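Working through the structure, step by step
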Amino acid sequence: MRHTLFLALITSALAGPVMADDLRDRAAAEFKPLPSTIPAVKDNPVTPEKIELGKALFFDPRLSASGVFSCASCHNLATGGDDNMETSVGHGWQKGPRNSPTVLNAVLNEAQFWDGRADDLAAQAKGPIQAGVEMANTPEQVEVTLKSMPQYVTWFTDAFPAEENPVNFDNMAKAIEAFEATLITPAPFDAWLNGDDNAMTEEAKAGLNLFMDKGCSSCHSGVNVGGHGYYPFGLIEKPGAEILPPGDKGRFAVTETVDDEYVFRASPLRNIALTAPYFHSGKVWDLSVAIEVMAESQLGEKLAPEETVQLVAFLESLTGTLPPVTLPVLPAETATTPRPSSEVK
């Protein structure tokens, strides 16, 4: 009797750690913790000088034709790396066609933009600057602007010392990419993956278990819990036209392949609790509702209320800590700096 009772007590005491280890082993096959150092960027060595230049450019509204909009306008580091609007407001107060994705951890994505049309952050940085509804500028005008300020010329020379003419549009994009590569946000989920059993609540662990069991991780996996692979939105049941506007066919605009109609890159889910509204249309403001839309449209399932609560708890464990970012003091304009224009062409 005493022997049986002892075995029962031992089994009960070990059940928690064993179950936790089983869950962690399963999670380790689907996800990876964030890197502890700045990720390497292809064909763009990240240096302190490049990071500092990129930070200045990221916050400088003079890269826009109007002198009003900067990268930080749509990717506000104080609000989750996006602008918390349905779709962004740009040049001449025009509204863009899609919700602005977060820039946090974006260096870990397979490709950039909802449709993956930019291979990397350098290519992504060039897009909004030239888009008529965003910053409405040209590479030539950007280069004239930067060259007109001696401090920028010095910073570009320091960041790209091997180049004879370092102040150019390509190097601008590379510097912004280098700065954005530093925007890595370690979260409780990473601590838990690395062995800290107390980093996640029991509710969050139950949500993680559900996330894997229901197949969410088949699209949202890896180090960024998504950000790779392209999938139809409405795999089982298409959402309503407000959430999935019929005029935006997603990746089809890039590939012009019929199979890519209404196909989008899987959204990275890190810091998702900070980045409402949701989906490329920005029409859903509540994370619980977004989860339920995904369950019905992608999995064909209706979640029980307690399942939604658990999934929200797991996604909240992906909210990370942004490294300290001090606002840069930007170079002053000179007599040759192009004057801003709000003309909409």
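Basis of the calculations
The residue count restarts for each chain, going from 1 along the sequence in the order it is written. Owing to the predicted nature of the model, reporting of local features is limited to residues with pLDDT of at least 70; listing and counting of side-chain atom pairs is limited to 80 or more, with chain, interface and lining totals taken over all residues. With hydrogens and water set aside, each side-chain value is computed from the structure's full complement of heavy atoms. Helix and strand labels come from DSSP, where a helix needs a run of H or I of at least four residues and a strand needs a run of E of at least two; each type is numbered from the N terminus. Throughout, a residue-residue contact means that at least one pair of heavy atoms, one from each residue, lies within 4.5 Å. The convention is simple: Lys and Arg are positive, Asp and Glu are negative, and His and the chain ends are not counted. By convention, the charge on Lys lies at NZ, on Arg at CZ, on Asp at CG and on Glu at CD. Expected span of a helix, by definition, is 1.5 Å for each gap between consecutive residues, and there is one gap fewer than residues. Residues adjacent in sequence count toward polar contacts only when both atoms are side-chain atoms; beyond that, a polar contact is any pair of N or O atoms within 3.5 Å, and within protein one must be able to donate a hydrogen and the other to accept it. Think of it this way: a Phe, Tyr or Trp ring, Trp meaning its six-membered ring, pairs with another when their centres are within 6.5 Å, and the plane angle makes it stacked under 30 degrees, edge-to-face over 60, tilted otherwise. Only lysine NZ and arginine CZ atoms are considered, and such an atom sits over a ring when it is within 6 Å of the ring centre and within 35 degrees of the ring normal. Each residue is assigned to one of three classes by its accessible area relative to the maximum for its type, calculated with a 1.4 Å probe on protein chains only: buried under 20%, partly exposed between the two thresholds, exposed over 50%.

Quick look at the overall build of the chain
Along its length, the chain carries 12 helices and 2 strands. Element order for the chain, N to C, with α for helix and β for strand: α-α-α-α-α-α-α-α-α-β-α-β-α-α. Taken over the C-alpha atoms alone, the chain extends approximately 90 × 45 × 30 Å along its principal axes. Taking all contacts inside the chain whose residues are at least 6 apart in sequence as the whole, residues at least 24 apart take part in 71%. Of the side-chain charges in the chain, 25 are positive and 46 negative, and the distance between the mean point of each set is 1 Å.

Re helix α7 (residues 169-180)
Counted at 1.5 Å a residue, the expected span for α7 with its 12 residues is 16 Å, and the 17 Å between its end C-alpha atoms agrees. Next to the buried residues of α7 lie α2 (48-59), α3 (71-74), α4 (121-130), α5 (139-147) and α6 (150-159). Capping the start of α7 is the job of one residue whose side-chain oxygen sits 3.2 Å from the backbone nitrogen of aspartate 170: asparagine 168.

Notes on the packing of aromatic side chains
This structure, assessed with the given rule, holds 13 aromatic pairs. Each residue in the set Phe31, Phe189, Trp192, Phe211 and Phe314 is aromatic and connected to the rest through ring pairs, giving one cluster. A cation over an aromatic ring shows up here: lysine 249 above the ring of phenylalanine 252, its NZ or CZ 5.7 Å from the ring centre. The ring of tyrosine 230 carries the charged tip of arginine 251 above its face, separated from the ring centre by 4.0 Å.

Here we look at the side chain of lysine 214
With respect to the helices, strands and loops of the structure, lysine 214 is situated in the loop between α9 (202-213) and β1 (230-232). Within the structure, lysine 214 has its side chain in polar contact with the side chain of glutamate 301 (distance 2.7 Å). Setting aside its immediate chain neighbours within four residues, lysine 214 contacts Leu299, Glu301, Leu303 and Glu307.

Thoughts on α9
Over its 12 residues, α9 extends 16 Å from the first C-alpha to the last, a length consistent with the 16 Å expected when each residue adds 1.5 Å. Those residues of α9 that sit buried are Ala204, Lys205, Gly207, Leu208, Leu210, Phe211 and Met212. Once α9 finishes, glycine 215 follows within two positions and takes phi at roughly 95 degrees, a positive value.

Honestly, it's all geometry; don't read function into it.
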